[in-house]
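# Structural features, examined
One letter stands for each residue in the lines below.
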Amino acid sequence: MIPVLSVRGVEKRFGAVVAADALSLDIPAGQRVSLIGANGAGKTTFVNMVTGYLKPDAGSIAIEGMDIGRRSPRNVARLGISRSFQIPQLFIELTAAENLAVAISGVGAHSLSFFSPAEAHGRHDKALELLGRFGLTEMADRPISELAGGVRKLIDIAMALVRRPKLLLLDEPTSGVSAEEKFATMDRVIHAVAPDASTIVFVEHDMEIVSRYADRVVAFYQGRILADGDPQDVLKDPEVRRYVTGGS
Ligand code: ATP
């Protein structure tokens, strides 16, 4: 089977900083992969390159065998990659449902693809269906500016689902969520995305979330992959404990 994502020898520098150092990895369909690493290890750079927001200096990235080359984020999204953002990218003056409708009609950062007028017909219903899946029906008519950070993150993830992505990348889905709510939030996310996205890559700093929700963990350090494999093994790895999890 061709992997959903195939990364080969990818490099990215910012001046003297090596943010991606000969990165290679394959992600097969159906995996839930967590990217871990200290601040500045290169996780967001990786997500940005895979989604077309940053161009690698060298190497190749393919989606189901199709090289994304130097495509724009819009064209990468058309190949079936969607993402959420560390800081939600929402129109704060618009309501939750209006934000979803914008994504469904094909503009905005998450979808970036066009629907025909016939497809556009069901936009509002689809927006409500997505919000309902995240338990946010009652938020539909509220402007984003009135909603809490955790709710905004969920709406941002809902935005990424409108094109039923082959690969969904979530950048720190639980950041800003309280310790008491983190598992409930992640349960909600996993349940809500399941009908549309089965291959998920999520950046995460919380190792309890990682060990509970990931099938596989890729640990980054200074733009390199330090360890890649089963969560139990990676989280026990001495180098990962030293450079990533701080011995916790
Ligand atoms: P965090 O957990 O803090 O989000 P990260 O693992 O996602 O960190 P990146 O944001 O990918 O790390 O950053 C990797 C390195 O590249 C860091 O040293 C960062 O300062 C640098 N970097 C990232 N983007 C840029 C940029 N646009 N210009 C200059 N340096 C950058």
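Residues numbered from 1 in each chain as written. Predicted model: local features only at pLDDT ≥ 70, side-chain atom pairs only at ≥ 80, totals over all residues. Heavy atoms only, no water.

If you check an unreviewed UniProt entry, the protein chain appears there as ABC transporter ATP-binding protein from Bradyrhizobium sediminis. Heading Function (unreviewed entry) of the UniProt record for the protein chain holds this comment: "Involved in beta-(1-->2)glucan export. Transmembrane domains (TMD) form a pore in the inner membrane and the ATP-binding domain (NBD) is responsible for energy generation." (UniProt positions renumbered as here; feature names shortened; annotations may be inferred.)

## Some points on the site of the ligand
Among the 14 residues in the neighbourhood of the ligand, the closest are listed as G40, G42, K43, T44 and T45. Take N39: an N or O atom from its side chain is 3.2 Å from an oxygen atom of the ligand. In isolation the ligand offers 630 Å² of accessible surface; the protein chains occlude 61% of this area. Broken down by secondary-structure element, the contributors of at least two residues to the shell around the ligand are β2 (17-27) and α1 (43-50). No other element matches α1, which puts three residues into the shell around the ligand. Its residues assigned to classes, the shell around the ligand shows five nonpolar, seven polar and two charged. (Near = heavy atom within 4 Å. Polar contact = N/O pair within 3.5 Å; in protein donor to acceptor, adjacent residues only side chain to side chain. Areas by Shrake-Rupley, 256 points an atom, 1.4 Å probe, with all protein chains shown as cover. Helix = DSSP H or I, 4+ residues; strand = E, 2+ residues; numbered from the N terminus. Nonpolar A, V, L, I, M, F, W, Y, C, P; charged D, E, K, R; others polar.)

## A look at the side chain of T45
Examined against the element boundaries, T45 turns out to sit in helix α1. We classify T45 as buried; its relative accessible area is 11%. When near neighbours in sequence (up to four residues on either side) are disregarded, T45 contacts K12, F14, A19 and L54. (Buried < 20%, exposed > 50% of the residue type's maximum accessible area, 1.4 Å probe, protein only. Contact = heavy atoms within 4.5 Å.)

## Overview of the sheet that holds strand β3 (residues 32-36)
Taken in spatial order, the six strands make up an open sheet running β6-β7-β8-β3-β9-β10, and their pairing is mixed. Edge positions in the open sheet fall to β6 (81-83) and β10 (224-229), since each of these has one partner strand only. Within the sheet, the average angular offset between the axes of one strand and its neighbour, ignoring direction, is 20°. Bridging between β6 and strand β7 (residues 167-171) involves three bridges; their strand directions are parallel. When the sheet's bridge partners are listed, R83 is paired in β7 with L169. (Pairing = 2+ DSSP bridges. Axes fitted to C-alpha atoms, helices over the stretch in contact; angles between N-to-C directions.)

## Topic: the pattern of salt bridges
For the coordinates displayed, the defined rule picks out eleven salt bridges. Across the pair R133 and E129 runs a salt bridge whose closest N-O atoms are separated by 2.9 Å. Remark: E129 and R133 occur in helix α5 (residues 123-133); sequence separation between them is four residues, near one turn of the helix. Under the relative-accessibility criterion, R133 is labelled buried at 17%. On the basis of relative accessible area, E129 is assigned to the partly exposed category, the value being 36%. (Salt bridge = Lys/Arg side-chain N within 4 Å of Asp/Glu carboxyl O.)

## Examining the pairing of β7
In terms of residue burial, β7 counts as a mostly covered element, since five of its five residues are buried. In β7, alternate side chains face the same way, and those of L167, L169 and D171 on one face and L168 and L170 on the other are all buried. Sheet analysis places β7 next to strand β8 (residues 200-203), joined by four bridges and oriented parallel. Within β8, the position partnered with L170 by the bridge is F202. In this fold, β7 hands off to helix α7 (residues 182-193), which returns the chain to β8; that crossover is right-handed. (Right-handed = clockwise from strand over helix to strand, strands pointing away.)

## Considerations on the sheet that holds β2
Within a sheet, adjacent strands bond to each other through the backbone by hydrogen bonds, running parallel or antiparallel. The four strands are arranged β2-β1-β4-β5 in an open sheet whose pairing can be described as antiparallel. In the strand order of this sheet, the two ends are held by β2 and β5 (66-67), each with one partner. Bridge analysis of strand β4 (residues 58-63) against β5 gives two bridges, and the strand direction is antiparallel. Bridged to I63 within β5 is M66. The strands touched by α1 are β1 (5-14), β2 and β4; relative to β1, the strand with the most contacts, the crossing angle is about 120°.

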